[in-house]
Amino acid sequence: MSYEAHKIRLIMDLRRQGIADKGVLSAVERVPRELFVPDAMRSEAYENMPLPISQGQTISQPFVVAYMTQALCLGGRDRVLEIGTGSGYQAAVLAQLCRRVCTIERYRTLLAQAEGRFEDLKLHNITTRLGDGGKGWPELAPFARIIVTAAAPEMPQTLADQLDDGGIMIVPVGPSGDQTLIRVTRQDDGFKEERLLDVRFVPLVDGLPPGRA
Ligand code: SAH
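As the structure is a prediction and not an experimental result, all values here were calculated from the model.

Caption draft 1: Structural detail: the sheet that holds strand S7 (residues 163-173). Here we have seven strands laid out as an open sheet, ordered S5-S4-S3-S6-S7-S8-S9, and mixed in their pairing. The open sheet has two edge strands, strand S5 (126-130) and strand S9 (190-199), and neither has a second partner. Going from strand to strand, the sheet's axes swing by 15° on average, the running direction of each strand aside. Two strands pair when backbone bridges link them, and strand S8 (residues 179-187) and S9 are joined in this way by nine bridges, in the antiparallel orientation. Across the sheet, Val 184 pairs through a bridge with Glu 193, a residue of S9.

Caption draft 2: Molecular detail of the environment of Val 80. Within the secondary structure, Val 80 sits in strand S3 (residues 79-83). Setting aside its immediate chain neighbours within four residues, Val 80 contacts Leu 74, Leu 94, Cys 98, Arg 100, Val 101, Cys 102, Phe 143, Arg 145 and Ile 147.

Caption draft 3: Representation of the pairing of S5 in the model. In terms of strand pairing, strand S4 (residues 100-105) meets S5 through five bridges, oriented parallel. Each bridged residue has a counterpart across the sheet, and for Thr 103 the counterpart in S5 is Thr 128. Considered for its hand, the β-α-β crossover made up of S4, helix H5 (residues 108-120) and S5 is right-handed.

Caption draft 4: Quick peek at the nonpolar core. Leu 14, Ile 19 and Tyr 89 are the most contacted members of the largest nonpolar core, which has 47 residues in total. When contributions to this core are tallied by element, the ones reaching two or more residues are helix H1 (3-16), helix H2 (22-30), helix H3 (62-71), helix H4 (89-95), H5 and S7. Among the elements that line this core, the one with the most residues is H3, at seven residues. If we ignore the near neighbours within four places in the chain, the residues touching Tyr 89 are Val 28, Val 31, Arg 33, Phe 36, Ile 59 and Val 65. In terms of nonpolar packing, the next biggest core, distinct from the first, is built from 18 residues, Ile 104, Trp 137, Val 171 and Ile 182 among them.

Caption draft 5: Inspection of the pattern of salt bridges at higher detail. Under the defined criterion, the tally for this structure stands at seven salt bridges. Here Asp 39 makes a salt bridge to Arg 42, at a shortest N to O gap of 3.4 Å.

Caption draft 6: Main features of the packing of aromatic side chains. In total, this model carries three aromatic pairs according to the counting rule given. Summarising the aromatic geometry, the rings of Phe 36 and Tyr 89 are spaced 5.7 Å apart at their centres and angled 70° between planes, so their arrangement reads as edge-to-face. Of the two residues, Phe 36 sits in the loop between H2 and strand S1 (51-52) while Tyr 89 sits in helix H4, which places them 53 residues apart along the sequence. Judged by relative accessible area, which is 0%, Phe 36 ranks as buried. With relative accessibility at 2%, the residue Tyr 89 sits in the buried group.

Caption draft 7: Summary view of H3. Counted residue by residue, H3 has nine buried out of ten residues, so it is predominantly covered. Following H3 by one or two positions, Cys 73 adopts a phi angle in the positive range, close to 50°.

Caption draft 8: Quick peek at the site of the ligand. Every one of the 26 residues lining the ligand counts as a neighbour, but Ser 87, Glu 105, Asp 132, Gly 133 and Val 205 are closest to it. Interatomic distance of 2.9 Å between a backbone N/O atom of Gly 84 and a nitrogen atom of the ligand. Between the ligand and Glu 105 there is a distance of 2.6 Å, counted from an oxygen atom to a side-chain nitrogen or oxygen. In the complex, 99% of the free accessible area of the ligand, which totals 580 Å², lies under the protein chains. The cavity that encloses the ligand is the largest pocket. Elements that contribute at least two residues to the shell around the ligand include exactly strand S2 (58-59), H4 and S4. In terms of residue class, the shell around the ligand is built from ten nonpolar, twelve polar and four charged.

Caption draft 9: Molecular detail of the packing of H1 against H2. Following both chains from N to C, one finds H1 and H2 inclined at 155°, their axes separated by 10 Å at the closest point. One finds that H1 runs roughly antiparallel with respect to H2. Of the two possible hands of crossing, H1 and H2 adopt the one that is right-handed. Facing H1, whose interface residues are Lys 7, Leu 10, Ile 11, Leu 14 and Arg 15, H2 presents Leu 25, Val 28 and Glu 29. Counted by class, the contact of H1 with H2 contains five nonpolar, no polar and three charged residues.

Quick notes on the rules
- Residues numbered from 1 in each chain as written.
- Predicted model: local features only at pLDDT ≥ 70, side-chain atom pairs only at ≥ 80, totals over all residues.
- Heavy atoms only, no water.
- Pairing = 2+ DSSP bridges.
- Helix = DSSP H or I, 4+ residues; strand = E, 2+ residues; numbered from the N terminus.
- Axes fitted to C-alpha atoms, helices over the stretch in contact; angles between N-to-C directions.
- Contact = heavy atoms within 4.5 Å.
- Right-handed = clockwise from strand over helix to strand, strands pointing away.
- Core = buried A, V, L, I, M, F, W, Y, C linked by side-chain atoms within 4.5 Å.
- Buried < 20%, exposed > 50% of the residue type's maximum accessible area, 1.4 Å probe, protein only.
- Salt bridge = Lys/Arg side-chain N within 4 Å of Asp/Glu carboxyl O.
- Phe/Tyr/Trp six-rings, centres within 6.5 Å; stacked < 30°, edge-to-face > 60°.
- Near = heavy atom within 4 Å.
- Polar contact = N/O pair within 3.5 Å; in protein donor to acceptor, adjacent residues only side chain to side chain.
- Areas by Shrake-Rupley, 256 points an atom, 1.4 Å probe, with all protein chains shown as cover.
- 1 Å grid on protein atoms, 1.4 Å probe; cavity = no way out; pocket = protein on both sides within 12 Å on 5 of 7 lines; lining within 4 Å.
- Sits in = over half its atoms within 2 Å of the grid points.
- Nonpolar A, V, L, I, M, F, W, Y, C, P; charged D, E, K, R; others polar.
- Parallel < 35°, antiparallel > 145°, perpendicular 65-115°, else oblique.
- Left-handed = near helix turned anticlockwise from the far one by under 90°.

Dropping the structure here:
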C-alpha cells in the first residue's frame, strides 16, 4: 500500500476512535508522518501506534496526537507552547491550526533533527528552544494553550501559571504505568482540572542531559 492509502486508513481509524474535529483530521492528513520517524520505520508511519525515535524517546501514537490536539480547542490566532519537541510531529500538526508554536526540547540532537524537518516542510510558524521545558518559556508567556508531551509527576503549576486567562493546558500526569491526561483551564477564580484519558508517555525529566546529546 502507498503512504496515501495508509493515511486514508489512519484517518478512518481516528474518526472511529472519536476524533470528530475536521480541522484536526485535516491537519493530520497534511503532515507527512513518514518524515518524522526513523528511515527504517517509514513503512509503519501510518500505523496507529507510537514508534521509537532516538535517545530512548518516542513519537506519540497518532490517536493520542489527534486527541490532545482536539482537547486543546485551538483558535487560529492562538500561540501554543509545547514541552517535548521530540520528532517534531506534534508541533507540525499544531502549526497547521494556530498562529505560532513555541516548542522546547532537552535533547540537542532531537531538536536539531526536528528543526531540519520544520525547515524542509516550510513550517515557519514554529519557534524552538533547547532547554528544560518544566520551567516553561517565561519570556514569551502568557500562552493561550500549553501541551506537554512527557508525563509530569504532578500537575505542573509553573506551566499552568504561564497560561493566559481562559487558557488551556493538556498534560499527562502520573508515574510510569499509571498516567492520566489532564486538561487544566485557567479561570478567574483559579484552575479547573478535568481527567480525560489513561495514557503512556515517557517522563518529563529535569535539566539538560549530560554531554552534547
Ligand atoms: N511531541 C513529541 C513526542 C516526544 S516524546 C513528538 O511529536 O514526537 C517526549 C519528549 O519530551 C522527548 O523528546 C523528551 O526528550 C522530551 N522531554 C522530557 N523532559 C523534558 C523537559 N524537561 N524539557 C524539554 N523536553 C523534555
